[in-house]
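# Structural features, examined
What follows is the residue order along each chain.
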Amino acid sequence: MKPRSIAVRRMTERVYVAGFLVGIGIALLALIVLLASILITAWPRLSPAILFNYSNARDPATAGYAAAIVGTLWVVGLTLLFSLPLGIAAGVYLEEYAGKGRVSRILQAAVTNLAGVPSVVFGLLGLAVFVRFFGLGPIVLAGALTLTMLVFPYVVITTQEAIRAVPSSIRDAALALGSTKWQAIRRQILPAASPGLLTAAILAAARAMGETAPLLVIGALFLQTFIPYGPESPFIALPVLIYAYTILPVDQWGGVAAAGIVVLLGLLFSINAVAIIVRNRLQRQRW
Amino acid sequence: MRLLVKERKERETASETVEDLVVRPSVAVEVEYPAIESRDLSVAYGRKPAIREISLRIPRNQTTAIIGPSGCGKSTYLRAINRMNDTIPTARTTGQLFVDGEDVYGPDVDPVLLRRKVGLIFQKPNPFPKTVYKNIAFGVNIHFRTTPEEMDTIVESALRQANLWDEVKDRLQESALGLSGGQQQRLCIARALAIQPEALLMDEPCSALDPVATARIEDLMFELKKEMAIVIVTHNMQQAARVADYTAFMYLGRLVEFNRTRELFERPQADLTENYITGRFG
Amino acid sequence: MGRETARARKVLASLEPKWVWERGETLVRVVLFLAAAFAVLVTLAIFLALIFDAVAFFEVVNPIDFYTGTVWSPDIREVFGVLPLLAGTLIIAGGACLIGIPLGLSAAIYLREYAPARVREVVKPVLEVLAGIPTIVYGLFALLAVAPLLRVWFGASFFNGANAIIVIGILIIPLVSSLSEDALTAVPVDLRDGALALGATKLEATTRVLLPAALSGVGSSFILAFSRAVGETMIVLIVAGQNTDLTFNIFGQMTTLAGWAAKRTTGDVAVGETVYLALFAVGFTLFVVTLLLNLASDALRARFREAYE
């Protein structure tokens, strides 16, 4: 039996820690390179015109995202309109009313598993059910309904987490004062959970905004020379148009695609910023 | 050499701070060749001091108990001995601590080696979720290279030393989590013994166990101290009286008194000590 | 004595706090239940839509030919052997995990055990940002930065599988890192303390005690990452190419189940055509694979929770 050298053990540890840092280093590096490459490529194309031009496949200099931005706003708006009430309601049910029985467990499992379904499968579903079966065609409404199904599980899960985070003292106090369950939920628990619910809404909006595959599958357009006029309008969405530009030769169109990403990230950033501000305001209002 | 506490007639009532009451700790015995010696050892968590300037000599081959009310810093002192406080980011330690004559808070000391020499048994038994065999082999493997036969011998010897061999010899390859609480604690002791420590620290090792298991571990301590110094933190004075040769009494982070157990309990020098022992507080 | 205890029990039960139940409450409960039941409906809808058209497909094309055929040429030759797509999916997803899982786990270990507070404060938000970036952005990143590099370094064709492997690997790092870190944190502190008290270095304590103890939790996160990589569409669409031949050359073009399905829908597809049905057979396969992976991950996580909660 021989003792192991402490120097060797410590050296081994140092080597491993250096190795662990590689993981973090690569992640950091990737983020920097990602943002840098996109910004640099987008730079020549970044001008307000990009927001107002229509898309085309002929001249990069005149290509823009006007129709796509409006299309995204329409689709995401409708998606939030459908998914937030449904998702929050379902989250409240699962967290507050559901017992431990079989049905509740199945429901919870269904929600969890839905969250793991690949987005392209939702697209196929939207194609089969909304576009074909219900005959809606590739319009804004179909896109919104498809995205609603995709986003719904996330809203439910974040709502459940938000409700769970409410301190039980609030719940106990309401109970002790003799309020009904729904009264307690409506007046105490939901307001207390509002920062978390806001997070749920933001998450839903961000996901809906960034999802490309489902809209691609249900038939969002590539080129559109008019602004979408309503839920029944054919549409193009921002990420889909960005994808369309990536198919074209990179040398000429890369800048346009990258500029679109800047617009998309800008939109995402703004929503998150608004959310943080509103959330801080909400949290300050409370005790 | 006797260092006396302030005269009894000068002492006031409980509104005084411990600083007033304890000018110097009453250390009534001189320990030559201590196994562990601390000199002005202080530990603070952030700004809050936990133990202050503790100077204490722990004798070899004896059991020393540290008693005191909750929060007096006994566990902190114990953990300072094998530098377990290092794992707490906000802990700051000053002063010196000598194990076998070497200041373990000195610049070139690796706590890993210290912890091989000074083992620590926790309040709640914490066996690894591995087999009984692997629990013991873990510590050995870290510090030594052995052949399988050597390891078998070491495992058996450690389990025998911890009075656990007969109960587990047919279950070596089963999960340690299947053992009873008392068995798990003896397994943790065996785990520490396997790497041949010079001292064993025990932080309220029996507080989570039933009386029978407690008795078995107390019996074990009588055996073990033949080969190492044992320091046991306990809030149970009867236990201290049963197992310890020497006892130290701590209060609010300071050492108040240190003496042979019998002397401390029958003829306490400091009033604080007497009040604690007679149950007036704590 | 029996009657008295029964009465006492009733009195005690009536003293327990209970919610007051007004008339409207039942309605509320029903409404909320319906919202939750919506989820089940959707899952059924997916299954039905996919199964319906997949079954219709399998009436035209033998499932055995579908799942064992090595030629996928739905438009030109009307041959539907899905193995090339399956192989592409497994190669790209597997390769991505070979990159993303070790890096993600390393990040988790480092953040948990070694990172000073200031490093944590920088790295955790970076990982969260990375996790929130839409995959189309990663796709463009692959196009602009990764594909040219691979072409220069390895002489690869511009569109190739390795592009997707690398970028999807980076995509899953935050997922693996955060889930693994949660698993490591869930292990009780006294296990770690016990290992350290025996004289183990942090590395030894982590690799020989913590990680084995957290294994099912960490494993569950690996499976989830693999499932994510399997379902990834846009990155594959943008940089992996169109090649539907069976190939193992990651420096050449290849595509996956999700990639082909998405791409094909952007072309002309007439309803009822076999190609249209093939889309759903592929979609169904993809759905089943990810569902099985997710269920496995859930099972592992349940076992982990049992041990530590």
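Residues numbered from 1 in each chain as written. Chains lettered and ligands numbered in written order. Predicted model: local features only at pLDDT ≥ 70, side-chain atom pairs only at ≥ 80, totals over all residues.

For chain A, the helix and strand inventory stands at twelve helices and one strand. Overall, chain A shows an N-to-C arrangement of helices and strands of β-α-α-α-α-α-α-α-α-α-α-α-α. Against the 2.2 N^0.38 benchmark of 19 Å for 287 residues, chain A shows a C-alpha radius of gyration of 24 Å, more extended than a compact globule. Taken across its 287 residues, chain A has 48% of its residues classed as buried. (Helix = DSSP H or I, 4+ residues; strand = E, 2+ residues; numbered from the N terminus. Rg over C-alpha atoms; globule rule 2.2 N^0.38 Å. Buried ≥ 20, exposed ≤ 12 C-beta atoms within 10 Å, placed from the backbone.)

Another aspect to go through is the overall build of chain B. Along the backbone of chain B there are eleven helices and twelve strands. At 19 Å, chain B has a C-alpha radius of gyration in line with the 19 Å of a compact globule built from 282 residues. Across its three principal axes, chain B shows a C-alpha extent of roughly 65 × 45 × 35 Å. Counting across all 282 residues of chain B, residues that qualify as buried make up 46%. Taking as baseline every contact in chain B between residues at least 6 positions apart, the subset at least 24 positions apart corresponds to 70%. (Contact = placed C-beta atoms within 7 Å.)

The next point concerns the interface of chain A and chain B. Listed as interface residues are five residues of chain A and, on the opposing side, eight residues of chain B. Its residues assigned to classes, the side of chain A that touches chain B shows three nonpolar, no polar and two charged. Inspection of the sheet shows strand β1 (residues 2–3) of chain A paired to strand β8 (residues 144–145) of chain B by two bridges, in the antiparallel sense. Each bridged residue has a counterpart across the sheet, and for A:Lys2 the counterpart in β8(B) is B:Arg145. (Nonpolar A, V, L, I, M, F, W, Y, C, P; charged D, E, K, R; others polar. Pairing = 2+ DSSP bridges.)

Moving on: the environment of A:Ala42. Residue and element names in this part refer to chain A. With respect to the element layout, Ala 42 can be found in helix α1 (residues 6–42). Between the C-alpha atoms of Ala 42 and Val 256, which are 214 residues apart in sequence, the distance is 6.5 Å. Not counting chain neighbours up to four residues away, the residues in contact with Ala 42 comprise Gly 255, Ala 258, Ala 259, Ile 261 and Val 262.

All names here are of chain B. Taken in spatial order, the seven strands make up an open sheet running β1-β12-β11-β4-β10-β9-β7, and their pairing is mixed. Two strands in the sheet have a free side with no partner beyond their single neighbour: β1 (26–27) and β7 (118–121). Two strands pair when backbone bridges link them, and β7 and strand β9 (residues 199–203) are joined in this way by four bridges, in the parallel orientation. When the bridges of β9 are listed, Ile 121 appears paired with Met 202.

Okay, the nonpolar core next. Counting 288 residues, the largest nonpolar core has A:Leu124, C:Ala39 and C:Val167 as its most contacted members. What C:Val167 contacts, discounting residues up to four positions off in sequence, is C:Tyr138, C:Phe141, C:Ala142, C:Val146 and C:Ile235. (Core = buried A, V, L, I, M, F, W, Y, C linked by C-beta atoms within 7 Å.)

Let us now look at the interface of chain A and chain C. Each side of the interface is counted separately: chain A has 74 residues, and chain C has 71 residues. Per-element tally for the side of chain A that touches chain C: the top contributor is α1(A), with 22 residues. A per-class count over the side of chain A that touches chain C returns 54 nonpolar, 15 polar and five charged.

It is worth spelling out the packing of helix α5 (residues 119–133) of chain A against helix α12 (residues 257–265) of chain C at this point. For the pair α5(A) and α12(C), the least separation of the axes is 10 Å and the interaxial angle reads 35°. Pair α5(A) / α12(C) crosses with left-handed handedness. Seen from α5(A), the contacting residues are A:Val120, A:Leu124 and A:Leu127; seen from α12(C), they are C:Ala258, C:Ala261, C:Ala262 and C:Thr265. Counted by class, the contact of α5(A) with α12(C) contains six nonpolar, one polar and no charged residues. (Axes fitted to C-alpha atoms, helices over the stretch in contact; angles between N-to-C directions. Left-handed = near helix turned anticlockwise from the far one by under 90°.)

Moving on: the domain arrangement of chain A. Taken as a whole, chain A is organised into domain 1 (6–45) and domain 2 (51–285). Taken together, the contact between domain 1 of chain A and domain 2 of chain A spans five residues of the former and seven residues of the latter. (Domains from an automatic or database assignment.)

A few words on unusual backbone geometry. Peptide bonds are, in most cases, trans, and in most cases residues other than glycine have a negative phi. Residue and element names in this part refer to chain B. The phi dihedral of Asn 61 falls on the positive side, at around 50°, and the residue is not glycine. Residue placement: Asn 61 occurs in the loop between β3 (48–58) and β4 (63–67). Take Asn 61: there are 13 C-beta atoms within 10 Å of it, and that puts it in the partly exposed class. Not every positive phi belongs to a glycine, and Asn 163 is a case in point at roughly 55°. Topologically, Asn 163 is positioned in the loop between α5 (148–161) and α6 (165–168).

So, on to the sheet that holds strand β2 (residues 36–45) of chain B. Residues and elements named next belong to chain B. Spatially, the four strands line up as an open sheet ordered β3-β2-β5-β6, and their pairing is antiparallel. Across the chains shown, the open sheet's two edge strands, defined by having one partner strand only, are β3 and β6 (102–103). Pairing geometry for β2 and β3, over seven bridges, is antiparallel. Opposite Leu 41, over in β3, you have Ile 54 as the bridge partner.

On to the environment of C:Ile76. By the element assignment, C:Ile76 lies in the loop between β1 (72–73) and β2 (79–80). For C:Ile76 and C:Ile238, which are 162 residues apart along the polypeptide, the C-alpha to C-alpha distance reads 23 Å.

Turning our attention to helix α8 (residues 211–224) of chain B. Residues and elements named next belong to chain B. For α8, spanning 14 residues, the distance from its first C-alpha to its last is 20 Å, which sits close to the expected 20 Å at 1.5 Å a residue. Turning to α8, its buried residues are Ile 217, Leu 220 and Leu 224. End-on view of α8: buried residues confined to an arc of 50°, all on one side of the axis. Exposed and oriented more than 90 degrees from the buried face of α8 are Pro 211, Val 212, Asp 219 and Phe 222. (Expected span 1.5 Å × (residues − 1). Arc of directions from axis to C-beta.)

All names here are of chain B. As consecutive antiparallel partners, β2 and β3 are separated by two residues, and within that stretch Gly 46 has a phi angle of approximately 65°, a positive value. Summarising the sheet, β2 and strand β5 (residues 91–99) pair through eight bridges and their orientation is antiparallel. Considered in β5, the bridge of Ala 44 is made with Arg 92.

A word on the packing of helix α4 (residues 132–143) of chain B against helix α7 (residues 181–193) of chain B. All names here are of chain B. α7 packs onto α4 with a crossing angle of 35° between their chain directions and a minimal axis gap of 7 Å. Like other packed secondary-structure pairs, α4 and α7 cross with a definite hand, here right-handed. From α4, Val 132, Asn 135, Ile 136 and Gly 139 reach across to α7, where they touch Leu 187, Ala 190 and Arg 191. For the contact of α4 with α7, the residue count by class is four nonpolar, two polar and one charged.

This part is about α1(A). Within an α-helix, residues lying three or four positions from one another point in the same direction, as the helix has 3.6 residues per turn. Taking 1.5 Å per residue, 37 residues should reach 54 Å; α1(A) reaches 54 Å between its end C-alpha atoms and fits that length. For α1(A), the full list of buried residues reads A:Arg9, A:Phe20, A:Gly23, A:Ile24, A:Ala27, A:Ala30, A:Leu34, A:Ile38, A:Thr41 and A:Ala42.

What follows concerns the confidence of the model for chain B. Residues and elements named next belong to chain B. Chain-level pLDDT for chain B is 88 on average; 91% of the residues reach the 70-or-more range. Note that residues 1–16 has pLDDT below 50 and, in this model, 17 contacts with residues that lie over four places away or in other chains. Here the predicted complex scores 0.87 on pTM and 0.89 on ipTM. (pLDDT = per-residue confidence, 0-100.)

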